[in-house]
Amino acid sequence: CREVRNLHLTVLNPSERWPLKNSNWSIIGLNKYAEQLLSPENPGFDYTYSERLFAFSIEGQAANQINYIIRKLKQEPSSRRAIAVTWDMDDQSRQHVPCLQLIDFLFRGGKLNLTAYFRSHDIERAYPCNLYGLNKLLEYVAREAGMEPGSITTISASAHIYVE
(Lines give C-alpha, C1' and ligand atoms only; values in the text may rest on other atoms or scores of the structure.)
Protein backbone atom coordinates (compact mmCIF):
# COMPACT_ATOMS: atom_id res chain seq x y z
CA CYS A 1 0.00 0.00 0.00
CA ARG A 2 1.29 3.46 -0.91
CA GLU A 3 -0.08 6.25 1.23
CA VAL A 4 -0.23 10.02 1.17
CA ARG A 5 -1.45 11.62 4.37
CA ASN A 6 -3.89 14.54 4.44
CA LEU A 7 -4.43 14.74 0.69
CA HIS A 8 -6.53 17.79 -0.17
CA LEU A 9 -8.19 17.95 -3.61
CA THR A 10 -10.64 20.53 -4.92
CA VAL A 11 -12.68 19.92 -8.06
CA LEU A 12 -14.08 23.21 -9.29
CA ASN A 13 -16.57 21.74 -11.80
CA PRO A 14 -17.44 18.29 -10.44
CA SER A 15 -20.28 17.67 -12.89
CA GLU A 16 -17.98 17.75 -15.94
CA ARG A 17 -16.04 15.02 -17.79
CA TRP A 18 -17.63 11.80 -16.54
CA PRO A 19 -16.53 9.07 -16.49
CA LEU A 20 -12.99 10.03 -15.50
CA LYS A 21 -10.41 8.93 -18.06
CA ASN A 22 -8.62 5.68 -17.08
CA SER A 23 -10.79 5.23 -13.98
CA ASN A 24 -12.30 1.91 -15.15
CA TRP A 25 -15.71 3.22 -14.09
CA SER A 26 -18.59 3.31 -16.55
CA ILE A 27 -21.33 5.91 -16.36
CA ILE A 28 -23.77 3.07 -15.62
CA GLY A 29 -21.72 1.96 -12.60
CA LEU A 30 -21.29 5.53 -11.43
CA ASN A 31 -25.04 6.19 -11.67
CA LYS A 32 -25.78 3.00 -9.73
CA TYR A 33 -23.38 4.12 -6.98
CA ALA A 34 -24.95 7.61 -6.92
CA GLU A 35 -28.48 6.16 -6.71
CA GLN A 36 -27.43 4.09 -3.71
CA LEU A 37 -25.82 7.16 -2.09
CA LEU A 38 -29.08 9.09 -2.41
CA SER A 39 -31.30 6.29 -1.07
CA PRO A 40 -31.64 5.56 2.66
CA GLU A 41 -32.31 1.90 1.92
CA ASN A 42 -29.62 -0.57 2.94
CA PRO A 43 -29.42 -3.54 0.54
CA GLY A 44 -27.74 -5.72 3.18
CA PHE A 45 -24.36 -4.09 3.88
CA ASP A 46 -22.96 -3.46 7.37
CA TYR A 47 -23.71 0.20 6.69
CA THR A 48 -24.20 2.59 3.78
CA TYR A 49 -23.32 6.26 3.58
CA SER A 50 -26.87 7.04 2.54
CA GLU A 51 -28.31 5.20 5.52
CA ARG A 52 -26.10 7.29 7.80
CA LEU A 53 -26.91 10.54 5.98
CA PHE A 54 -30.64 10.10 5.38
CA ALA A 55 -31.68 7.87 8.32
CA PHE A 56 -29.03 8.11 11.04
CA SER A 57 -30.12 6.31 14.19
CA ILE A 58 -30.01 8.52 17.27
CA GLU A 59 -31.43 6.90 20.39
CA GLY A 60 -33.65 4.68 18.26
CA GLN A 61 -34.94 7.54 16.12
CA ALA A 62 -34.07 8.03 12.44
CA ALA A 63 -32.56 11.48 11.80
CA ASN A 64 -32.40 12.74 8.21
CA GLN A 65 -29.24 14.84 8.24
CA ILE A 66 -29.66 15.86 4.60
CA ASN A 67 -33.13 17.30 5.23
CA TYR A 68 -31.66 19.21 8.18
CA ILE A 69 -28.93 20.64 5.91
CA ILE A 70 -31.49 21.73 3.31
CA ARG A 71 -33.67 23.41 5.94
CA LYS A 72 -30.65 25.09 7.52
CA LEU A 73 -29.43 26.47 4.19
CA LYS A 74 -32.90 27.79 3.31
CA GLN A 75 -33.19 29.53 6.69
CA GLU A 76 -29.62 30.80 6.89
CA PRO A 77 -27.67 30.50 3.60
CA SER A 78 -24.39 31.61 5.19
CA SER A 79 -24.61 29.00 7.97
CA ARG A 80 -21.54 27.00 8.96
CA ARG A 81 -23.79 24.33 10.49
CA ALA A 82 -24.84 22.48 7.33
CA ILE A 83 -22.87 19.39 8.35
CA ALA A 84 -23.59 15.67 8.43
CA VAL A 85 -21.53 12.87 9.97
CA THR A 86 -21.43 9.14 9.30
CA TRP A 87 -19.51 7.92 12.36
CA ASP A 88 -21.64 6.11 14.92
CA MET A 89 -20.16 5.42 18.36
CA ASP A 90 -21.11 1.75 17.86
CA ASP A 91 -18.57 1.73 15.01
CA GLN A 92 -15.86 1.32 17.64
CA SER A 93 -16.82 -2.34 17.94
CA ARG A 94 -17.53 -3.05 14.26
CA GLN A 95 -15.19 -4.60 11.73
CA HIS A 96 -16.39 -2.46 8.80
CA VAL A 97 -16.69 1.27 9.39
CA PRO A 98 -17.32 4.25 7.09
CA CYS A 99 -14.40 5.81 5.26
CA LEU A 100 -16.40 8.99 4.61
CA GLN A 101 -16.74 10.68 7.98
CA LEU A 102 -18.16 14.14 7.42
CA ILE A 103 -19.70 16.34 4.75
CA ASP A 104 -19.89 20.09 5.10
CA PHE A 105 -21.91 22.41 2.86
CA LEU A 106 -21.04 26.11 2.61
CA PHE A 107 -22.82 28.65 0.44
CA ARG A 108 -20.14 31.10 -0.63
CA GLY A 109 -19.68 33.28 -3.71
CA GLY A 110 -23.19 32.49 -4.92
CA LYS A 111 -22.59 28.72 -5.01
CA LEU A 112 -23.08 25.80 -2.67
CA ASN A 113 -19.77 24.03 -2.07
CA LEU A 114 -19.20 20.68 -0.43
CA THR A 115 -16.23 19.53 1.64
CA ALA A 116 -15.91 15.83 2.49
CA TYR A 117 -13.52 14.32 5.02
CA PHE A 118 -12.41 10.71 4.54
CA ARG A 119 -10.49 8.90 7.28
CA SER A 120 -9.32 6.33 4.71
CA HIS A 121 -9.57 6.66 0.94
CA ASP A 122 -8.69 4.22 -1.82
CA ILE A 123 -7.82 6.82 -4.43
CA GLU A 124 -7.53 4.42 -7.35
CA ARG A 125 -10.65 2.31 -6.85
CA ALA A 126 -13.01 4.45 -4.77
CA TYR A 127 -12.23 8.12 -5.46
CA PRO A 128 -13.99 8.35 -8.84
CA CYS A 129 -17.26 6.87 -7.56
CA ASN A 130 -17.06 8.82 -4.29
CA LEU A 131 -16.57 12.09 -6.17
CA TYR A 132 -19.37 11.28 -8.62
CA GLY A 133 -21.75 10.34 -5.81
CA LEU A 134 -20.86 13.42 -3.77
CA ASN A 135 -21.50 15.53 -6.85
CA LYS A 136 -24.99 14.05 -7.20
CA LEU A 137 -25.59 14.73 -3.50
CA LEU A 138 -24.34 18.31 -3.94
CA GLU A 139 -26.66 18.79 -6.93
CA TYR A 140 -29.60 17.39 -4.93
CA VAL A 141 -29.00 19.59 -1.88
CA ALA A 142 -28.38 22.67 -4.05
CA ARG A 143 -31.59 22.08 -6.03
CA GLU A 144 -33.67 21.56 -2.88
CA ALA A 145 -32.15 24.63 -1.19
CA GLY A 146 -32.59 26.78 -4.32
CA MET A 147 -28.87 27.26 -4.85
CA GLU A 148 -26.36 26.70 -7.61
CA PRO A 149 -23.91 23.82 -7.05
CA GLY A 150 -20.24 24.73 -6.78
CA SER A 151 -17.03 22.89 -6.00
CA ILE A 152 -16.22 19.73 -4.08
CA THR A 153 -13.19 19.49 -1.83
CA THR A 154 -12.09 16.16 -0.42
CA ILE A 155 -9.67 15.79 2.46
CA SER A 156 -8.32 12.27 2.80
CA ALA A 157 -6.41 11.57 6.03
CA SER A 158 -5.03 8.39 4.47
CA ALA A 159 -5.17 8.54 0.68
CA HIS A 160 -3.77 5.29 -0.65
CA ILE A 161 -3.41 2.91 -3.55
CA TYR A 162 -2.74 -0.78 -3.29
CA VAL A 163 0.39 -2.07 -5.01
CA GLU A 164 -0.17 -5.61 -6.26
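To be clear, the structure that these remarks concern was listed above.
Residues numbered from 1 in each chain as written. Predicted model: local features only at pLDDT ≥ 70, side-chain atom pairs only at ≥ 80, totals over all residues. Heavy atoms only, no water.

Draft legend 1. Here's a closer look at helix α4 (residues 127-145). Over its 19 residues, α4 runs 26 Å from end to end, which matches the ideal 27 Å to within 8%, given 1.5 Å per residue. Burial analysis of α4 places 14 of its 19 residues in the buried class, which makes it a mostly covered element. Taken from the residues just after α4, Gly146 is the one with a positive phi, measuring 75°. (Helix = DSSP H or I, 4+ residues; strand = E, 2+ residues; numbered from the N terminus. Expected span 1.5 Å × (residues − 1). Buried < 20%, exposed > 50% of the residue type's maximum accessible area, 1.4 Å probe, protein only.)

Draft legend 2. Local environment of the packing of helix α1 (residues 27-37) against α4. Where α1 contacts α4, the two axes come as close as 9 Å, and the packing angle between them is 55°. Compared by their axis directions, α1 and α4 come out oblique. Of the two possible hands of crossing, α1 and α4 adopt the one that is right-handed. Only Pro128, Cys129, Asn130, Tyr132, Gly133, Leu134, Lys136 and Leu137 of α4 make contact with α1, whose side of the interface consists of Ile27, Leu30, Asn31, Tyr33, Ala34 and Leu37. Tallied by class, the residues present in the contact of α1 with α4 amount to ten nonpolar, three polar and one charged. (Axes fitted to C-alpha atoms, helices over the stretch in contact; angles between N-to-C directions. Parallel < 35°, antiparallel > 145°, perpendicular 65-115°, else oblique. Left-handed = near helix turned anticlockwise from the far one by under 90°. Contact = heavy atoms within 4.5 Å. Nonpolar A, V, L, I, M, F, W, Y, C, P; charged D, E, K, R; others polar.)

Draft legend 3. Structural view of unusual backbone geometry. Put simply, Trp18 and Pro19 share a cis peptide bond, and its omega is -5°. As for its position among the elements, Pro19 is in the loop between β1 (2-11) and α1. The phi dihedral of Glu59 falls on the positive side, at around 50°, and the residue is not glycine. Secondary-structure assignment places Glu59 in the loop between β2 (56-58) and β3 (61-63). Taking relative accessible area as the criterion, Glu59 reaches 79% and is therefore assigned exposed.

Draft legend 4. Here's a closer look at the side chain of Asp104. With respect to the secondary-structure elements, Asp104 resides in strand β5 (residues 100-108). It turns out Asp104 is buried and unbridged, and the closest side chain with the opposite charge, Arg108, is 7.9 Å from it. Each residue touching Asp104, except ones within four places of it in the same chain, is listed here: Ala82, Ile83, Asn113, Leu114 and Thr115. (Lys, Arg positive; Asp, Glu negative; His and termini not counted. Salt bridge = Lys/Arg side-chain N within 4 Å of Asp/Glu carboxyl O.)

Draft legend 5. Quick look at the environment of Leu137. When you line up the elements, Leu137 lands in helix α4. The class of Leu137 is buried, set by a relative accessible area of 0%. In this structure, the C-alpha to C-alpha distance between Leu137 and Val97, residues 40 residues apart in sequence, is 21 Å.

Draft legend 6. Fine view of the packing of aromatic side chains. Taken as a whole and assessed by the stated rule, the structure comprises three aromatic pairs. With a centroid separation of 6.1 Å and 50° between ring planes, the pair formed by Tyr47 and Tyr49 is classed as tilted. A single burial state applies to Tyr47 and to Tyr49, both of which are buried. With centroids separated by 6.4 Å and ring planes inclined at 55°, the aromatic side chains of Phe54 and Tyr140 adopt a geometry described as tilted. Of the two residues, Phe54 is situated in helix α2 (residues 49-54) and Tyr140 in helix α4; the sequence distance between them amounts to 86 residues. A relative accessible area of 23% means that Tyr140 is categorised as partly exposed. (Phe/Tyr/Trp six-rings, centres within 6.5 Å; stacked < 30°, edge-to-face > 60°.)

Draft legend 7. Just the side chain of Asn113, in detail. Structurally, the position occupied by Asn113 is in strand β6 (residues 111-118). The exposure class of Asn113 is buried, given its relative accessible area of 18%. Side-chain polar atoms of Asn113 contact the backbone nitrogen of Ser151, separated by 2.8 Å. Leaving out residues up to four positions away in the same chain, Asn113 has contacts with Asp104, Phe105, Leu106, Arg108, Leu138, Gly150 and Ser151. (Polar contact = N/O pair within 3.5 Å; in protein donor to acceptor, adjacent residues only side chain to side chain.)

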